[in-house]
Amino acid sequence: QVQLVESGGGFVQAGGSLRLSCAASGRTFSRYHMGWFRQAPGKEREFVAAITWSGSSIRYADSVKGRFTISRDNAKSTVYLQMNSLKPEDTAVYYCAATGSAVVTIRATLYDRWGQGTQVTVSS
């Protein structure tokens, strides 16, 4: 099993950048496809980005394409989300998640390990 801990959230002005990290414990991190999701107050959790275990395939939500970059370092058991050109609508709690599914997926229900979340607040 893998346990996940996010960090790197904070308060930033519109147009700024943040880099989120998700550190995983356990020796099986490299077997999992990883995803980032976010949830704003009063809204459902939504997909942000996902990456295969090898990093060979990546998917993004349309709302973050060209601004966010997901990456991973299996040697460090860490997945990252670089967020540039942040907008107020990016304000949310950001969660990383791991899935043992055969393919990388945008469906939250297919992720079986979740971190506790980190708050990102973007001011206008």
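Remember, predicted model here, so these are calculated numbers, not experimental data.

J.: Please give an account of the pairing of strand 7 (residues 68–73) that cites residues and values.
T.: Of the two faces of strand 7, the one holding Phe68, Ile70 and Arg72 is buried and the one holding Thr69, Ser71 and Asp73 is not buried anywhere. The turn joining strand 7 and strand 8 (residues 78–83), which pair antiparallel and follow one another in sequence, is formed by four residues; a positive phi near 50° is taken by Ser77.

J.: Report on the state of the cysteines, specifying residues and quantitative values.
T.: According to the stated counting rule, one finds one disulfide in the structure shown. The partner cysteine of Cys22 in its disulfide is Cys96, sulfur to sulfur 1.9 Å. Torsion about the S-S bond of the Cys22 and Cys96 cystine: about 45°, corresponding to right-handed handedness. One end of the pair, Cys22, is in strand 3 (residues 18–25); the other, Cys96, is in strand 9 (residues 92–99), and 74 residues separate them in sequence. Of the residues examined, Cys22 reaches a relative accessible area of 0% and is grouped as buried.

J.: Describe unusual backbone geometry, with residues and values.
T.: One non-glycine residue, Ser77, lies in positive phi territory at about 50°. Relative to the elements of secondary structure, Ser77 occurs in the loop between strand 7 and strand 8. Even without glycine at this site, Ser85 takes up a positive phi of about 50°. You can see Ser85 is positioned in the loop between strand 8 and strand 9.

J.: A description of the pattern of salt bridges should follow, citing residues and the corresponding values.
T.: Overall, the coordinates contain four salt bridges when judged by the stated rule. For Arg38, the salt bridge identified is with Glu46, shortest N-O distance 2.5 Å. Assessed through its relative accessible area of 34%, Glu46 is described here as partly exposed. A salt bridge links Arg67 to Asp90, with the shortest nitrogen-to-oxygen separation between them at 2.8 Å. One end of the pair, Arg67, is in the loop between strand 6 (58–60) and strand 7; the other, Asp90, is in the loop between strand 8 and strand 9, with 23 residues separating them in the sequence. The same class applies to Arg67 and to Asp90, which are both buried. A single network of salt bridges, built from pairs that share partners, joins Arg38, Glu46, Arg67 and Asp90.

Thresholds, definitions, all that
- Residues numbered from 1 in each chain as written.
- Predicted model: local features only at pLDDT ≥ 70, side-chain atom pairs only at ≥ 80, totals over all residues.
- Heavy atoms only, no water.
- Buried < 20%, exposed > 50% of the residue type's maximum accessible area, 1.4 Å probe, protein only.
- Helix = DSSP H or I, 4+ residues; strand = E, 2+ residues; numbered from the N terminus.
- Pairing = 2+ DSSP bridges.
- Disulfide = S-S within 2.5 Å.
- Salt bridge = Lys/Arg side-chain N within 4 Å of Asp/Glu carboxyl O.

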